[in-house]
Amino acid sequence: MLTDEYFMRQALAEAQRALAAGEIPIGAVVVLDGMIIGRGYNQTEQLRDVTAHAEMLALTAAANHLGNKYLTHCTLYVTVEPCVMCAGASAWAQLGAVVFGAEEPKTGYRRHALGLLHPRTKVRAGVCAADCTALMQSFFKQKRG
C-alpha cells in the first residue's frame, strides 16, 4: 500500500520541476484510490498568472481527469501549507483530505482562518516536513544571495 510519504515524495518531484523552471519550488499531486490523477507545480512566473499555484494546477488536472469539479474522495498532497486561495479552491472542490509538508506561517491559510477548508476535509501536516522545508529555505537563501 502506498503511503503519505510516497505521495509527498511525488509532490516533491513536482516541486523540483518548479525549481528547475526558476519558480518557487512548490509541488502538488491529487490522489484517488492510490492513483495520482492530477499533478502541478508552481508556474506563476512562466505563465504570468498569479493563480498558477501548484495546488490550483493539480486540482484542475484532477477535475479534468474525473470530468467532475468535486473531488470528495481525493487527497491533495502539497509540499507547503496552502495559501488562502488554494485552501478556498480545495473547499469548493470538497476535497476529502489535504496533506502538506512544510508549514507556512506568513502566507499559509491557517494564519488567516482555520475554517477555509470544507468541513469534512481532513488535514494532515508535517509529512516529509524536513525535506519540504529545506527545499524552500534553500531556494530563498539562494534567491537572496
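See the structure above.
Scope of this entry: the structure provided in the associated data block. Every chain is numbered on its own, with residues counted from 1 as its sequence reads. pLDDT decides what is reported in this predicted model: residues at 70 or higher carry local features, side-chain atom pairs at 80 or more are listed and counted, and totals for whole chains, interfaces and linings draw on all residues regardless. Note that water and hydrogens are dropped before the side-chain values are worked out from all heavy atoms of the structure.

This paragraph deals with the sheet that holds strand β2 (residues 35-41). Here, strands pair whenever DSSP counts at least two bridges between them. Helix numbering and strand numbering both begin at the N terminus, where a helix is a DSSP run of H or I of at least 4 residues and a strand a DSSP run of E of at least 2. Judged by pairing direction, the sheet is mixed, and its five strands sit side by side in the order β2-β1-β3-β4-β5 without closing on themselves. Each end of this open sheet is capped by a strand with a single partner; those strands are β2 and β5 (122-125). Neighbour-to-neighbour, the strand axes of the sheet open up by a mean angle of 15°, direction not taken into account. Two residues qualify as a contact provided that any one of their heavy atoms is within 4.5 Å of a heavy atom in the partner residue. Only the contacting stretch of a helix is used when fitting its axis, a line to C-alpha atoms as for every element, and angles between N-to-C directions run 0 to 180 degrees. Its contacts with the sheet put helix α3 (residues 54-66) on β1 (27-32), β2 and β3 (75-80), and the angle it makes with β2 is roughly 145°.

Among buried residues, the Ala, Val, Leu, Ile, Met, Phe, Trp, Tyr and Cys ones that are joined through side-chain atoms within 4.5 Å form a nonpolar core. Only protein chains enter the area calculation, which uses a 1.4 Å probe; residues under 20% of their type maximum are buried, those over 50% are exposed, and those in between are partly exposed. Within the largest apolar cluster, 40 residues are counted, with the highest numbers of intra-cluster contacts made by M8, V30, L71, C74, Y77 and L95. Counting residues per element, the ones that place at least two in this core are α1 (4-20), β1, α3, β3, α4 (84-93), β4 (97-102) and α6 (129-144). Discounting chain neighbours no more than four positions away, the residues touching L95 are L59, L71, T72, C74, L76, S90 and T121.

What follows concerns the packing of α3 against α4. Put simply, α3 and α4 touch, their axes get as near as 9 Å, and they point 20° apart. By the angle between their axes, α3 is roughly parallel relative to α4. Judged by the twist between their axes, the crossing of α3 over α4 is left-handed. Between α3, through E55, M56 and L59, and α4, the contact on the second element is made entirely by M85, C86, A89 and S90. Of the residues in the contact of α3 with α4, the class split is five nonpolar, one polar and one charged. The scheme is simple: roughly parallel for angles under 35 degrees, roughly antiparallel for over 145, roughly perpendicular for 65 to 115, oblique for anything else. Here is the rule for handedness: rotate from the far helix to the near one, and if that takes an anticlockwise turn smaller than a right angle the crossing is left-handed, while a clockwise turn gives right-handed. Only Asp, Glu, Lys and Arg are considered charged, only Ala, Val, Leu, Ile, Met, Phe, Trp, Tyr, Cys and Pro nonpolar, and every remaining residue, Gly among them, polar.

Stacked, edge-to-face and tilted labels apply to pairs of Phe, Tyr and Trp rings (six-membered ring for Trp) whose centres lie within 6.5 Å, assigned for plane angles under 30 degrees, over 60, and everything in between, in that order. Enumeration over the complete set of coordinates arrives at three aromatic pairs. Ring plane angle 80° and centroid distance 5.0 Å describe the contact between F139 and F140, whose orientation is recorded as edge-to-face. Judged by relative accessible area, F140 falls into the partly exposed class, the value being 25%. Aromatic rings pair up to connect Y6, F7 and Y77 into one cluster.

All quantities given are derived from atomic positions and should not be read as evidence of function.
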